[in-house]
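Reading the structure
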Amino acid sequence: QVQLVESGGGLVQPGGSLTLSCVASGFTFSDYNMRWYRQAPGKEREFVAIIPTPGHSIIYAESVKGRFTISRDNAKNTVYLQMNNLKPEDTAVYYCNAVARYNFWGQGTQVTVSS
């Protein structure tokens, strides 16, 4: 059974930091490109970052470049999203996505940036 379970969301003040985690199971994690997406209320889901399998480059959306860092630990089947200098416009549900031969999604974790 394939699972992607996100955690680490919450309420944070502008300028604050959060680290999201996504634990994968049920497939060969190291074979998959791992991505984070987000969806704000009333908006379409948008790409945030991708950390591919070895040999390919990490890519960030322009809106988060320099503030967010994606990383992965293949031994723990986990992908992370370190988010610094958070802004109100970062408020969204954040989703973990695994893509290669198949395409898997997590259930999402809410991030709210507000004073």
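Heads up: these notes are all about the structure in this document. (Residues numbered from 1 in each chain as written. Predicted model: local features only at pLDDT ≥ 70, side-chain atom pairs only at ≥ 80, totals over all residues. Heavy atoms only, no water.)

**Some points on the packing of aromatic side chains**
Per the stated rule, a full pass over the model turns up 6 aromatic pairs. Relative to Tyr32, the ring of Phe27 lies with its centre 4.8 Å away and its plane at 65 degrees, an arrangement referred to as edge-to-face. Residues Phe27 and Tyr32 agree in their burial class; the two are buried. Within the aromatic cluster, the residues linked to one another by ring pairs are Phe27, Tyr32, Tyr102 and Phe104. Across from the ring centre of Tyr95, 3.8 Å away, lies the NZ or CZ of Arg45, which sits over that ring. Over the aromatic face of Phe29 sits the side chain of Arg72, whose NZ or CZ is 4.6 Å from the ring centroid. (Phe/Tyr/Trp six-rings, centres within 6.5 Å; stacked < 30°, edge-to-face > 60°. Buried < 20%, exposed > 50% of the residue type's maximum accessible area, 1.4 Å probe, protein only. Lys NZ or Arg CZ within 6 Å of the ring centre and 35° of its normal.)

**Looking at unusual backbone geometry**
The backbone of Asn77 sits at a positive phi, close to 50 degrees, despite the residue not being glycine. Summarising the element assignment, Asn77 is placed in the loop between strand 7 (68–73) and strand 8 (78–83). For Asn77, a relative accessible area of 25% puts it in the partly exposed group. Here Asn85, not a glycine, exhibits a phi torsion of approximately 50 degrees, which is positive. (Helix = DSSP H or I, 4+ residues; strand = E, 2+ residues; numbered from the N terminus.)

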